[in-house]
Amino acid sequence: MDLFLLKKIITVLIMPINIVLILLIFALVVHRKKPKNSIKSLSAALIILLVSSFAPFSDTVMTALENDFPPYVKKNLSIDYIVVLGCGHNTNPELPVTSQLKTCSLQRMVEAVRIYQLHPEARIITSGYGGSNPITNAETVKQSLVLLGIPAQKIITENFPKDTEEEAQLIAPRVQGTQVILVTNADHMPRSINYFQAEGIFPIAAPTGYWVKNPDSHKNWAHYMPSSKKLEQSTIAWYESLGLIVQWFKSLFS
């Protein structure tokens, strides 16, 4: 089996919602023969589900990731490249190209437009393979940027990277020794910066797509009710935290 596919399968299996499903299935299977184990498994599933869906927990773990790097503000530097990491899209010629982008890609693309307006001297590098789509994510983001007024000749596409590690490996030789701004989601930025620094590139972070936009604001009673959105937020935080742990283990043997 392809190593990339195997990594993705394992990652999906250890996400909170799938752990909950596995525990529920186990509870159902052993209910008659081992009722105590069944109750323990059921209880564990409910606790994981409730905690992961609980805003104070979800916001706390996500904020820990998102606050590592501040939002980008214009600096008195000449910027050579704005690197926009890939995220995802679904090719559909009947939709405007901007509507084909998944939310994370749309957020990164818009941030790249904002930064380009601050630094029109820069070139933009879009990245990401197509997966099951006939057009790559890098090309789809490029088409969106052009639609929003960025000159096509100012955009470079890297169409082959499948994940962030490959993006860093393939983009690093092109941007070596230059001033680079790295655009990705705030939760994804710590891991992305680590990958680029491992390749000898020390970019300026430009995080976007914040899940927790105002952690200190007043909260009403609805904030403390479990929600599917907070479950999704906890899942993303769990995914990124696992990625950071894997990076740390790899660094021990590199």
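As a starting point, this report considers the structure included with it. Since the model is a prediction, treat every value here as computed from it, not as a measurement. (Residues numbered from 1 in each chain as written. Predicted model: local features only at pLDDT ≥ 70, side-chain atom pairs only at ≥ 80, totals over all residues. Heavy atoms only, no water.)

## Points about the sheet that holds strand β2 (residues 123–127)
Spatial strand order, β3-β2-β1-β4-β5: five strands in an open sheet with parallel pairing. Lying at the two open borders of the sheet, with one neighbouring strand each, are β3 (155–158) and β5 (204–208). Neighbour-to-neighbour, the strand axes of the sheet open up by a mean angle of 20°, direction not taken into account. Where strand β1 (residues 81–84) and β2 come together, four bridges link them in parallel fashion. Residue V84 lies in a different strand from β2, and its bridge partner there is T126. The sheet contacts of helix α8 (residues 164–175) involve β1, β2, β3 and β4 (180–185), and relative to β2 the element is tilted by about 160°. Its contacts with the sheet place helix α9 (residues 189–198) against β1, β4 and β5, and it is angled at close to 145° to β4. (Pairing = 2+ DSSP bridges. Helix = DSSP H or I, 4+ residues; strand = E, 2+ residues; numbered from the N terminus. Axes fitted to C-alpha atoms, helices over the stretch in contact; angles between N-to-C directions. Contact = heavy atoms within 4.5 Å.)

## Details of helix α10 (residues 228–252)
Turn by turn, an α-helix covers 3.6 residues, leaving residues three or four places apart pointing in a common direction. In this model α10 runs 37 Å from its N-terminal to its C-terminal C-alpha over 25 residues, within 8% of the 36 Å that 1.5 Å per residue would give. Taken together, the buried residues of α10 touch α2 (16–29), α3 (35–52), α4 (55–66) and α9. (Expected span 1.5 Å × (residues − 1).)

## A few points about the pairing of β3
Bridge count between β2 and β3: four bridges; the pairing is parallel. When the bridges of β3 are listed, I125 appears paired with I156. As a crossover connection, the stretch from β2 through helix α7 (residues 137–147) into β3 is right-handed. (Right-handed = clockwise from strand over helix to strand, strands pointing away.)

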